[in-house]
Amino acid sequence: MKFEYLTDVNSKTTSGQSKKRPVVEITISHGSKSREYLAVIDSGADVTTMSAEVAEVFGIDLSTCVRQRLLGISGVPQDSYVGYLDISVKKLNETLKLPVMFTEANIPILLGQEGFFDQYRIKFEKDHDIFEVYRFNRD
């Protein structure tokens, strides 16, 4: 499935232009709760990562989750908590149970390598402002 990069009017490039990012609409479900979000497909994220606020929305008690240190772009290790959520990308018509690192940092939802990239072939074509996401079968 082809997607267009979304323009982020609140973020600028070094030359002052609005940034474009590989963003998709997702639905997150946990138990009987479901909610829609935007997520960045991030090849630099080892695992899907999101704010602890999302865990709170779905009633996930972080004290019952496995605690791990998350090393982000800042290079400063941060306490994070491993949980699992059902995530579906609109237009792909499939729900995956993905491992998620919940962090106290105020970050966008990042769809990362473990779980997401393991299931989908991602092709970024920044020069055409499109990216593709396709399910592949492991033989």
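What counts and what doesn't
Residues numbered from 1 in each chain as written. Predicted model: local features only at pLDDT ≥ 70, side-chain atom pairs only at ≥ 80, totals over all residues. Heavy atoms only, no water. Helix = DSSP H or I, 4+ residues; strand = E, 2+ residues; numbered from the N terminus. Contact = heavy atoms within 4.5 Å. Buried < 20%, exposed > 50% of the residue type's maximum accessible area, 1.4 Å probe, protein only. Core = buried A, V, L, I, M, F, W, Y, C linked by side-chain atoms within 4.5 Å. Phe/Tyr/Trp six-rings, centres within 6.5 Å; stacked < 30°, edge-to-face > 60°. Pairing = 2+ DSSP bridges. Axes fitted to C-alpha atoms, helices over the stretch in contact; angles between N-to-C directions.

**Q** Explain the environment of Pro99 to me, please; I cannot follow it from the model alone.
**A** Relative to the assigned elements, Pro99 resides in strand 9 (residues 95–103). Dropping the residues within four chain positions of it, Pro99 is found in contact with Val47, Thr48, Gly83, Tyr84, Glu114 and Gly115.

**Q** Could you clarify how one ought to interpret the side chain of Glu125 in this entry?
**A** Mapped onto the elements, Glu125 comes out in strand 11 (residues 120–125). Judged by relative accessible area, Glu125 falls into the buried class, the value being 16%. In this structure, Glu125 is in contact with Tyr5, Ile130, Phe131 and Glu132, ignoring residues within four places of it in sequence.

**Q** Sorry if this is basic, but what is going on with the nonpolar core here?
**A** In globular proteins that are soluble, nonpolar side chains generally tend to be buried together. Counting 33 residues, the largest nonpolar core has Ile26, Ile28 and Phe116 as the members making the most contacts within it. Contacts of Ile28, omitting those with residues within four sequence positions, involve Lys33, Ser34, Arg35, Tyr37, Met50, Val54, Phe58, Leu85, Asp86, Ile87 and Ile109.

**Q** Could you clarify how one ought to interpret the packing of aromatic side chains in this entry?
**A** The relative placement of two aromatic rings is captured by the distance of their centres and the angle of their planes. The tally for this structure, following the rule as stated, stands at five aromatic pairs. Ring centres 5.0 Å apart and planes at 40° place the aromatic pair Phe116 and Tyr120 in the tilted group. Taking the relative accessible area as the measure of exposure, Phe116 reaches 2% and is therefore buried. For Tyr120, a relative accessible area of 4% puts it in the buried group. Here the aromatic rings of Phe124 and Phe131 are separated by 6.5 Å at their centres, their planes lie at 35°, and the arrangement is tilted. According to the relative accessible area criterion, Phe131 is buried, its value standing at 0%.

**Q** For this particular structure, what's the right way to read the sheet that holds strand 1 (residues 2–4)?
**A** Consider a sheet: its strands pair through backbone hydrogen bonds, and that pairing is either parallel or antiparallel. Spatially, the three strands line up as an open sheet ordered 1-12-11, and their pairing is antiparallel. For this open sheet the edge positions go to strand 1 and strand 11, each flanked by a neighbour on one side alone. Averaged over all adjacent pairs, the angle separating strand axes in this sheet is 20°, with direction ignored. Sheet topology note: the strand 1/strand 12 (residues 130–135) ladder contains three bridges and is antiparallel.

Read these as layout, nothing more, since geometry by itself doesn't imply function.
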